[in-house]
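Listed below, chain by chain, are the residues.
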There are 2 protein chains.
Amino acid sequence: MNTETAKARIRKLRNLMRKNEIDALLVTHPQNVTYLTGFLGEDSWLLVGRQVCLVTDSRYTEQARGECVGCKIIERIDPLAQTVRQVLDKWKHRKTNTMGIESSCTFQTHKIIRKALKSKLLIVDNMVESLRQTKDDTETRILQKAARTAWRALAHTTAHILPGITESELTGVLEYQMRRLGMSPGFPTIICFGPNGSRNHHQPGSRKLRKKDTILIDFGVRYQGYISDTTRSFSYGKPSKEYEKAYYAVLKAQHAAIAEIRHGVELKQIDAVARETIATEGFEPYGHGTGHGLGLQVHEDPYLAKKAKGKLQAGQVVTVEPGIYIPGKFGIRIEDDVLVTKTGCKVLSEDKEFGFSRKTLPVLG
Amino acid sequence: MNTETAKARIRKLRNLMRKNEIDALLVTHPQNVTYLTGFLGEDSWLLVGRQVCLVTDSRYTEQARGECVGCKIIERIDPLAQTVRQVLDKWKHRKTNTMGIESSCTFQTHKIIRKALKSKLLIVDNMVESLRQTKDDTETRILQKAARTAWRALAHTTAHILPGITESELTGVLEYQMRRLGMSPGFPTIICFGPNGSRNHHQPGSRKLRKKDTILIDFGVRYQGYISDTTRSFSYGKPSKEYEKAYYAVLKAQHAAIAEIRHGVELKQIDAVARETIATEGFEPYGHGTGHGLGLQVHEDPYLAKKAKGKLQAGQVVTVEPGIYIPGKFGIRIEDDVLVTKTGCKVLSEDKEFGFSRKTLPVLG
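Remember, it's a predicted structure, so these values are computed and weren't measured experimentally.

In this section: the relation of the copies chain A and chain B. Note on the copies: chain A fits chain B at an RMSD of 0.0 Å, the axial shift is 0.0 Å, and the rotation between them is 180°. When the rotation and shift are considered jointly, the pair of chain copies conforms to a two-fold rotation axis. A share of 100% of the interface residues of chain A reappears at the interface of chain B, consistent with the copies meeting face to face through the same patch.

Okay, the interface of chain A and chain B next. Contacts between chain A and chain B engage 39 residues on the former and 39 residues on the latter. Around 3500 Å² of area is buried between chain A and chain B when both sides are counted, 48% of it from carbon and sulfur atoms. Considering only the side of chain A, the residues that lose the most area to chain B are A:R59, A:F107 and A:R179, jointly responsible for 21% of the buried surface there. Linking chain A with chain B are four salt bridges. A salt bridge links B:R179 to A:E175; its shortest N-O distance comes to 3.2 Å.

What follows deals with the sheet that holds strand β20 (residues 363-364) of chain A. Backbone hydrogen bonds hold the strands of a sheet together, and the pairing may be parallel or antiparallel. All names here are of chain A. With mixed pairing, the four strands of this open sheet are ordered in space as β8-β9-β12-β20. Every other strand in the sheet has two partners, leaving β8 (190-193) and β20 as the edge strands with one partner each. With six bridges joining them, strand β9 (residues 214-219) and strand β12 (residues 230-236) adopt antiparallel strand pairing. In the sheet register, I215 faces β12, and the bridge partner there is F234. Contacts between helix α8 (residues 167-180) and the sheet are confined to β8 and β9, with β8 contributing the most and set at about 145° to the helix. Taken strand by strand, helix α9 (residues 241-260) contacts β9 and β12, and its axis lies near 160° from that of β12.

Attention now goes to the sheet that holds strand β11 (residues 226-227) of chain B. Residues and elements named next belong to chain B. Strands sit in the order β7-β10-β11 across an open sheet of three strands; the sheet is antiparallel. At either end of the open sheet lies a strand with only one pairing partner, and these are β7 (184-185) and β11. The pairing of β7 with strand β10 (residues 221-223) spans two bridges and is antiparallel. Among the inter-strand pairings, S184 is bridged to a residue of β10, identified as R222.

Attention shifts here to the layout of surface pockets. Residue and element names in this part refer to chain B. The space that makes up the second largest pocket amounts to roughly 350 Å³. What lines the second largest pocket is a set of 17 residues, among which M1, G38, I142, Q224 and Y226 lie closest to the centre. At the level of elements, α1 (3-19), α2 (30-37), α3 (61-67) and α7 (137-157) are the ones that each hand at least two residues to the lining of the second largest pocket. Ranked by residue count, the leading element in the lining of the second largest pocket is α7, at three residues. Its residues assigned to classes, the lining of the second largest pocket shows six nonpolar, seven polar and four charged. The two domains that each donate at least three residues to the lining of the second largest pocket are domain 1 (3-132) and domain 2 (137-364).

All names here are of chain A. Alternating residues of strand β2 (residues 45-48) divide into W45 and L47 and L46 and V48, and every residue in both groups is buried. Across three bridges, the pairing between strand β1 (residues 24-27) and β2 is antiparallel. Counted as the bridge partner of L26 is L47 from β2. Of the pairings in the sheet, the one linking β2 to strand β3 (residues 52-56) comprises four bridges and is antiparallel in character. The residue bridging V48 from the neighbouring strand is V52, located in β3. Between β2 and β3, which pair antiparallel one after the other, the connecting turn spans three residues.

Calculation criteria
Residues numbered from 1 in each chain as written. Chains lettered and ligands numbered in written order. Predicted model: local features only at pLDDT ≥ 70, side-chain atom pairs only at ≥ 80, totals over all residues. Heavy atoms only, no water. Least-squares fit on C-alpha atoms with pLDDT ≥ 70 in both. Contact = heavy atoms within 4.5 Å. Buried area = accessible area lost by both parts, 1.4 Å probe. Salt bridge = Lys/Arg side-chain N within 4 Å of Asp/Glu carboxyl O. Pairing = 2+ DSSP bridges. Helix = DSSP H or I, 4+ residues; strand = E, 2+ residues; numbered from the N terminus. Axes fitted to C-alpha atoms, helices over the stretch in contact; angles between N-to-C directions. 1 Å grid on protein atoms, 1.4 Å probe; cavity = no way out; pocket = protein on both sides within 12 Å on 5 of 7 lines; lining within 4 Å. Points joined across faces, edges and corners; volume = space filled by probe spheres on them. Nonpolar A, V, L, I, M, F, W, Y, C, P; charged D, E, K, R; others polar. Domains from an automatic or database assignment. Buried < 20%, exposed > 50% of the residue type's maximum accessible area, 1.4 Å probe, protein only.

Take a look at the structure:
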């Protein structure tokens with residue numbers, strides 16, 4: 001992150017703080033800390049007040065010095081809460097001003113901080129998160145590069161998709177390819193063979209690939225803190241009629257939903273369009289939502305779901321991932337990452353190079 | 001997990017609940033849910049009251065049916081808090097009884113639950129966690145198997161440790177080996193070459209291995225939810241005098257600390273022994289603690305640290321991991337997993353097979 005970006009983000013945050021009459025905000029959520037400083041470590045809090053201070057410990061001091069932009073780094077020896085109080089004391093903020101703390105912190109942390117400060121503490125909901133929803137050009141470029149690298153890694157993996165390989169080993173191959181390309185897995189990779197595909201968050205196990213199996217791969221790549229999230233479904237050998245029909249129903253639903261995406265459209269409408277397509281094609285609706293925001297976290301606001309409130313905003317990046325799951329048989333999900341624009345959208349995970357574009361059913365073997 | 005174990009754990013929890021006058025406890029911490037049910041998924045809560053109910057969603061229902069022992073599975077459609085209220089309503093618990101919630105939940109969750117229940121909510125600190133500290137034979141066997149598999153994976157990785165390989169790619173090789181052996185990385189693997197070793201939580205990057213580099217590998221394997229955590233430090237080619245001296249200082253500190261471990265010894269004493277050895281050998285003390293509890297989480301109580309209160313208990317499993325870090329030069333850490341017994345301890349990560357035992361400085365290349 002460059003200094004300009006860091007300054008702009010802190011400035012926007014200070015505006016929100018002023019509106020909410022908060023003089024100092026304790027940012028405890030790791031991805032919020034990353035967003036404001038560029039720091040990619042853990043167990044560190046950011047105190048935004050008279051100064052901007054990253055409170056970390058010796059495990060991260062060197063890393064913070066290398067990564068942080070525009071903030072003071074404090075290496076704590078005492079517990080976090082105590083260090084925060086020491087900083088506030090220095091600022092002479094303690095008695096006179098209002099302190100905010102994020103509602104995503106644990107109840108325990110809130111209690112400790114409240115006790116340490118002996119003053120009123122304002123609970124802040126969704127403040128930094130609201131800034132994070134709108135991605136700038138740098139962020140969308142990073143997300144795009146992550147998605148492209150994901151396809152590249154998958155392309156190097158397909159040669160290993162052979163009868164006898166386990167879900168677990170294939171996961172290892174795919175994640176190795178991410179690492180070889182200098183990135184890392186963004187979340188636990190999901191690889192399911194055959195009936196395991198109907199378990200939406202299946203953990204890759206000892207199931208071996210057989211001829212005529214179906215394959216579902218849901219995976220992401222982390223790059224500079226940002227995470228891609230894409231899914232492809234394959235058939236190994238000639239697909240069954242039922243699988244083929246379901247595959248094209250999911251593909252149709254995904255295309256229909258993406259076609260609806262543009263600034264100002266209701267979140268729940270995108271969900272409805274995908275769901276109705278699946279139903280019209282004669283399949284059961286899927287249990288999960290149609291998509292979610294994407295960025296420093298793999299799941300963040302906004303959510304494309306039945307009961308979602310609000311509208312799409314230009315600059316948001318969302319996944320679109322309808323599916324069909326037939327317990328005992330197979331699961332199909334097709335997922336891409338989409339940038340919302342004023343006039344429509346751009347599929348950031350569009351693949352023009354590796355053969356994973358959203359067209360025909362990919363048959364392996 | 002077998003039914004007996006699940007029943008015994010719930011029984012112990014109910015005893016604690018009775019002592020604290022809690023009729024129903026909402027378990028929100030993922031690893032606490034795993035401990036009580038065997039369920040390895042996420043985003044699911046356990047309600048322990050008249051019945052034991054896992055509240056999950058459609059993504060995890062199939063998985064929960066396969067993994068859960070001795071509890072009812074409720075697939076929610078409504079938000080979690082609402083579903084919890086519905087269950088309590090069925091039990092007619094809502095108006096008359098005391099409900100507990102874990103202090104590790106977010107402030108937000110606490111607020112939502114409190115609102116949904118319209119009744120007093122007791123904050124529960126460390127209740128399931130206190131049960132988790134004492135490992136039974138099955139748990140220590142799992143941890144031992146995880147650590148052995150970690151060494152096996154590392155043994156298959158050493159052939160790839162050659163000049164030119166990046167930290168990131170080597171991480172990919174090691175994690176692939178874990179997957180090939182049917183397990184998975186327990187936490188983000190740390191591999192550092194040369195001066196990167198002094199950054200305690202370095203993320204493997206594009207640094208390439210050079211001749212006469214030093215190597216630090218801190219890694220864990222997850223098996224049945226449990227995580228091993230071990231570190232080894234290597235020299236690639238002939239080590240420098242300084243590195244060699246530091247290596248043996250760390251080794252001496254680790255042996256001295258492990259020799260002290262037995263039921264009833266003060267936690268801070270283990271830390272002091274390791275730290276004093278490092279100082280006596282003429283090196284700066286390390287900034288992190290000497291060790292931490294290990295189990296379903298990679299860091300859990302008890303902590304072996306300067307200001308730690310309490311004593312070691314038989315059945316606890318802790319890491320012992322002193323280190324020496326010289327910024328700009330290298331980092332050394334040697335870490336093993338140790339079971340506390342009544343009369344002493346047992347090193348669960350003892351390696352008799354792969355050549356990673358804690359004796360001489362391992363030289364590669």
